[in-house]
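Geometric and topological summary
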Amino acid sequence: MTSIAASTSELAANRRDIRPGRIVAWTLLMIGGIVMVTPLIYMFSTSLKSAGQVYDLRLIPADPTLDNYIRVLADGRFVRWFLNSTLVATAVTLSNVFFDSLVGYTLAKFEFRGRYLVFLAILSTLMIPTEMLVIPWYLMSSQLGWLDTYWGIMFPGMMTAFGTFLMKQFFETVPDDFLEAARVDGLNEFTIWWKIAMPMVTPAISALAIFTFLGNWTAFFWPLIVTTSRELYTLPVGLSSFAVEQSIQWEMIMTGAALATIPTLIVFLALQRYIVRGVMLAGLKG
Amino acid sequence: MARIELQGLTKRYGRLTAVQAIDLAIDDGEFVVFVGPSGCGKSTTLRMIAGLEDISDGTLRIGGEVVNQREPKQRNIAMVFQNYAIYPHMTVAQNIGFGLYTARLSRQEKQKRIEEAARILGLEDLLDRRPAALSGGQRQRVAIGRAMVRNPVAFLFDEPLSNLDAQLRSAMRIEIKRLHQRLGTTVVYVTHDQVEAMTMADRIVVMRDGRILQVGTPVELYENPVDVFTARFIGSPAMNLMPGAVEEGVLAVAGARLPETNAASFGDGGVLVGVRPHDLVVGAESDGGLSISGVVTAVEPLGAETLVHLAAGGVEVVATAPGRLVPAVDSTVTASAARGALYLFDAGSERALGRL
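Computed from a predicted structure; not experimentally measured.

1. A few points about the overall build of chain B
Along the backbone of chain B there are eight helices and 21 strands. The dimensions of chain B, computed from C-alpha atoms along their principal axes, are 80 × 45 × 30 Å. On chain B, roughly 15700 Å² of surface is accessible, and the fraction owed to carbon and sulfur atoms is 46%. Chain B carries 37 positive and 40 negative side-chain charges, and their two centres are separated by 10 Å.

This is the structure we're talking about:
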């Protein structure tokens with residue numbers, strides 16, 4: 001009797017929850033979800049089709065095959081591009097975590113003349129679109145001999161205004177007492193930052209690391225411009241070359257893209273909590 | 001252990017002078033409490049001693065050496081902060097041991113000191129815990145432990161009990177006092193709570209507007225305050241202050257007259273008469289002192305005694321009723337203070353004129 005009564009009350013509660021506002025919200029969310037997920041599903045679907053089936057728009061391939069994956073993975077270039085992307089994204093992420101944190105900490109916790117101006121100058125670079133910066137970056141790279149090098153791909157992103165801003169905001173929440181206690185205990189300023197302040201802003205570091213890694217993993221425009229050797233291509237640049245050189249092999253492009261998505265998906269699934277928290281804390285759209 | 005000397009110590013922030021040329025000598029092993037309202041400069045003074053604030057002017061000596069230009073770590077002092085400042089990402093043992101981070105000691109020696117501090121503070125069973133799993137009092141003990149392991153020449157406490165509830169605060173007061181008795185290290189303690197100052201200090205330094213108003217033992221400050229501010233700040237409930245008027249050569253206060261006073265000795269600015277609530281007792285004999293009749297406006301029974309708020313002669317005063325006597329509100333009662341329990345202050349300068 002008790003369980004029947006409980007189920008009846010649950011049903012009643014559920015019925016109360018189904019309000020017109022919720023139905024509209026769910027519908028909109030579902031439409032949004034479908035719009036975003038459909039290309040991803042088609043990407044995986046196409047990667048399982050042979051060249052002749054590519055323009056057959058059925059979601060489930062009539063004759064699914066893993067041949068494309070075998071061909072892509074057997075092609076040494078793809079593995080090289082994958083490693084290039086891993087190297088670039090990892091190095092830039094580590095650099096951002098280090099330098100953005102250090103500068104953010106300095107701006108948040110030290111009083112010095114011109115601090116506000118420095119912060120404004122850094123912030124103002126956020127207003128300039130990448131497309132505008134590409135020309136000075138290219139000229140710099142050209143004059144310093146960085147064209148077609150790993151360093152050339154990485155240097156513009158080694159420290160970012162966004163990361164500095166994010167870290168500064170977080171370091172401001174660390175009470176000064178912690179830092180002063182460490183000062184009284186005899187630590188130098190660098191050790192205070194590394195041993196005391198950094199562990200206290202791990203959510204921010206996680207968010208910064210994830211955004212930076214994903215941003216660099218998918219970066220296309222600058223690596224395309226700065227690299228000319230195929231050995232230095234990153235994954236997005238390399239995949240685009242399938243289109244140019246081999247008269248658009250969609251099944252190969254989609255297979256490569258599907259493989260490139262896997263690390264991103266793993267990062268997201270493993271660190272979903274931090275990404276969502278990071279987006280919320282930073283007040284950003286991913 | 002060390003003697004700490006402040007000579008003309010001054011702190012300026014732009015045009016604002018937060019601490020104005022204060023002079024003070026704190027003896028080796030002494031427990032000195034700086035007390036005063038918010039913004040009086042007590043914490044700034046402590047931070048100058050710690051080396052966390054630059055000294056704008058004056059000289060600071062620790063152990064006979066001028067340390068104005070020395071970094072905090074070179075002064076060999078330890079500080080306990082209001083919010084404990086124990087690191088959330090470290091265990092209790094790591095937090096206590098962090099005080100030894102730069103010490104050139106063997107691992108065994110460090111471990112020995114951590115265990116010794118934990119034993120003294122009753123933290124042996126909590127060494128593997130993180131601060132989030134500790135109570136407020138335990139966190140405070142960890143902060144004290146971190147200060148202790150370094151064997152500093154002086155402990156500086158910056159309102160260390162402010163974040164604790166009343167019961168725990170009372171227990172920690174005793175713990176800190178016992179610890180001082182045991183270690184014998186110089187302690188400089190800052191608080192805005194006069195009860196902490198009274199119960200813990202060898203000497204109290206009362207500060208206001210960046211200046212030292214009075215330095216003395218708790219009893220000296222209680223018995224002989226130099227001015228109205230100190231008189232009201234020290235002692236709880238605060239001292240009653242009533243304007244006195246000279247009528248026909250006799251001092252009149254709150255509707256009562258004090259015939260045996262030499263009113264001619266008072267300045268032109270008038271006089272304020274002070275009496276502590278515990279000296280103004282409902283139903284007591286006046287014994288030639290002050291006797292006030294007034295209407296009871298409120299009562300605060302505390303068990304052993306009752307605080308009685310009276311409206312007498314146009315002023316509001318607080319008296320005490322002994323035992324379980326709780327006068328009815330709106331009733332008229334008489335409260336008396338013995339001779340010698342009255343304090344006189346100049347109404348203009350607010351400086352003390354003596355006792356009556």
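Read on for the rest.
2. Some remarks on the sheet that holds strand β14 (residues 271-275) of chain B
Residues and elements named next belong to chain B. Read from one edge to the other, the open sheet built from six strands follows the order β13-β12-β11-β14-β20-β21, with strand pairing classed as antiparallel. Looking at the sheet topology across the chains shown, the edges are occupied by β13 (256-258) and β21 (352-355). Neighbour-to-neighbour, the strand axes of the sheet open up by a mean angle of 30 degrees, direction not taken into account. Across three bridges, the pairing between strand β20 (residues 342-346) and β21 is antiparallel. Bridge pairing in β21 places Leu-344 opposite Gly-354.

3. What to know about the environment of Ile-176 of chain B
Residue and element names in this part refer to chain B. Checked against the element boundaries, Ile-176 lands in helix α5 (residues 166-183). Classification of Ile-176 by relative accessible area gives buried; the value is 3%. The spacing of Ile-176 and Phe-155 is 21 residues in sequence and 11 Å in space, taken between C-alpha atoms.

4. Quick word on the packing of aromatic side chains
Two numbers describe a pair of aromatic rings. These are the distance of the centres and the angle of the planes. On inspection of all chains with the given rule, the structure shows 24 aromatic pairs over all chains. Between Phe-98 of chain A and Trp-193 of chain A, the ring centres sit 5.5 Å apart and the planes meet at 85 degrees, which makes this aromatic pair edge-to-face. Taken as a pair, Phe-98 of chain A in helix α4 (residues 76-109) and Trp-193 of chain A in helix α10 (residues 189-197) lie far apart in primary sequence, 95 residues in all. For Phe-98 of chain A, a relative accessible area of 29% corresponds to the partly exposed category. Above the ring of Tyr-222 of chain B, the side-chain terminus of Arg-276 of chain B is found at 4.0 Å from the ring centroid. One residue, Arg-355 of chain B, lies across the ring of Tyr-343 of chain B, its end atom 4.2 Å from the ring centre.

5. Some points on the UniProt feature "domain: ABC transporter" (unreviewed entry) in chain B
The positions that UniProt labels "domain: ABC transporter" (unreviewed entry) are, in the present scheme, residues 4-234 of chain B. Helix makes up 35% of residues 4-234 of chain B and strand 26%, whereas the separation of the span's terminal C-alpha atoms amounts to 25 Å.

6. So, the domain arrangement of chain A
All names here are of chain A. Per the domain assignment, the segments of chain A are domain 1 (2-53) and domain 2 (75-285). Placing a centre on the C-alpha atoms of domain 1 and another on those of domain 2 gives a separation of 34 Å. Opposite the seven residues of domain 1 that make contact, domain 2 presents seven residues. Counting the surface domain 1 buries against domain 2, the share from its top three residues, Met-43, Phe-44 and Ser-47, is 62%. One can count zero salt bridges joining domain 1 with domain 2. Among the residues making up the side of domain 1 that touches domain 2, the classes are represented as four nonpolar, two polar and one charged.

7. Examining α5 of chain B
All names here are of chain B. For α5, with 18 residues, the first-to-last C-alpha span of 26 Å sits near the 26 Å given by 1.5 Å per residue. Its buried side turned inward, α5 meets β3 (31-35), α3 (107-121), α4 (136-148), β7 (154-158), β8 (186-191) and α6 (194-200). Backbone nitrogen of Gln-167 and a side-chain oxygen of the N-cap are separated by 3.2 Å at the start of α5; the cap is Asp-165. One or two positions beyond α5, positive phi appears at Gly-184, with a value near 70 degrees.

8. Re the nonpolar core
Phe-171 and Ile-196 of chain A together with Ile-4 and Phe-34 of chain B are the most contacted members of the largest nonpolar core, which totals 58 residues. Residues within four places of Ile-4 of chain B in sequence aside, it is in contact with Leu-24, Ala-25, Ile-26, Ile-49, Leu-60, Arg-61, Ile-62, Ala-154, Thr-186 and Val-188 of chain B. Core analysis: the second largest hydrophobic core is formed by 43 residues, Ala-93, Ile-144, Phe-155 and Leu-164 of chain B among them.

9. Thoughts on the pattern of salt bridges
As enumerated under the stated definition, the model contains 20 salt bridges over all chains in all. When the shortest N-O distance is used, the salt bridge between Arg-146 of chain B and Asp-185 of chain A registers 3.4 Å. Linking Arg-146 of chain B in helix α4 with Asp-185 of chain A in the loop between α9 (176-184) and α10, this pair reaches from one chain into another. The same class applies to Arg-146 of chain B and to Asp-185 of chain A, which are both buried. The partner of Glu-53 of chain B in a salt bridge is Arg-47 of chain B, with the nearest N and O atoms 3.1 Å apart. Judged on exposure class, the residue Glu-53 of chain B and its partner Arg-47 of chain B are both buried. Residues joined by salt bridges that share partners form a network here, namely Glu-180 of chain A together with Lys-11, Arg-47 and Glu-53 of chain B.

10. Focus on helix α11 (residues 202-217) of chain A
Between the first and last C-alpha of α11 of chain A there are 22 Å, a value that for 16 residues agrees with the 22 Å anticipated at 1.5 Å per step. Those residues of α11 of chain A not exposed but buried are Pro-203, Ala-204, Ile-205, Ala-207, Leu-208, Ile-210, Phe-211, Thr-212, Phe-213 and Trp-217 of chain A.

11. Structural notes on the interface of chain B and chain A
The partner chain A presents 16 residues to the 22 residues of chain B that form the contact. Across the interface of chain B and chain A, roughly 1700 Å² is buried in total on both sides, 64% from carbon and sulfur atoms. Where chain B touches chain A, the interface holds three salt bridges. When the shortest N-O distance is used, the salt bridge between Glu-180 of chain A and Arg-47 of chain B registers 2.6 Å. Our enumeration of links across chain B and chain A arrives at seven residue pairs in polar contact (both at pLDDT 80 or more). Considering every element that reaches the side of chain B that touches chain A, the biggest residue donor is strand β6 (residues 77-80) of chain B, with three residues. Of the residues belonging to the side of chain B that touches chain A, the class tally is 13 nonpolar, five polar and four charged.

12. Remarks on the sheet that holds strand β2 (residues 16-26) of chain B
Residues and elements named next belong to chain B. What the four strands build is an open sheet, ordered β2-β1-β4-β5; its pairing is antiparallel. A single partner strand is all that each edge strand has here, and the edge strands are β2 and β5 (65-66). When strand β1 (residues 4-13) meets β2, the two strands line up antiparallel, connected through seven bridges. If you follow Tyr-13 over to β2, its bridge partner there is Leu-16. Along the sheet face, helix α1 (residues 42-50) touches β1, β2 and β4 (57-62) and points at about 115 degrees away from the line of β1.

Criteria and thresholds
Residues numbered from 1 in each chain as written. Chains lettered and ligands numbered in written order. Predicted model: local features only at pLDDT ≥ 70, side-chain atom pairs only at ≥ 80, totals over all residues. Heavy atoms only, no water. Helix = DSSP H or I, 4+ residues; strand = E, 2+ residues; numbered from the N terminus. Areas by Shrake-Rupley, 256 points an atom, 1.4 Å probe, with all protein chains shown as cover. Lys, Arg positive; Asp, Glu negative; His and termini not counted. Charge placed at Lys NZ, Arg CZ, Asp CG, Glu CD. Pairing = 2+ DSSP bridges. Axes fitted to C-alpha atoms, helices over the stretch in contact; angles between N-to-C directions. Buried < 20%, exposed > 50% of the residue type's maximum accessible area, 1.4 Å probe, protein only. Phe/Tyr/Trp six-rings, centres within 6.5 Å; stacked < 30°, edge-to-face > 60°. Lys NZ or Arg CZ within 6 Å of the ring centre and 35° of its normal. UniProt positions renumbered as here; feature names shortened; annotations may be inferred. Domains from an automatic or database assignment. Contact = heavy atoms within 4.5 Å. Buried area = accessible area lost by both parts, 1.4 Å probe. Salt bridge = Lys/Arg side-chain N within 4 Å of Asp/Glu carboxyl O. Nonpolar A, V, L, I, M, F, W, Y, C, P; charged D, E, K, R; others polar. Expected span 1.5 Å × (residues − 1). Polar contact = N/O pair within 3.5 Å; in protein donor to acceptor, adjacent residues only side chain to side chain. Core = buried A, V, L, I, M, F, W, Y, C linked by side-chain atoms within 4.5 Å.

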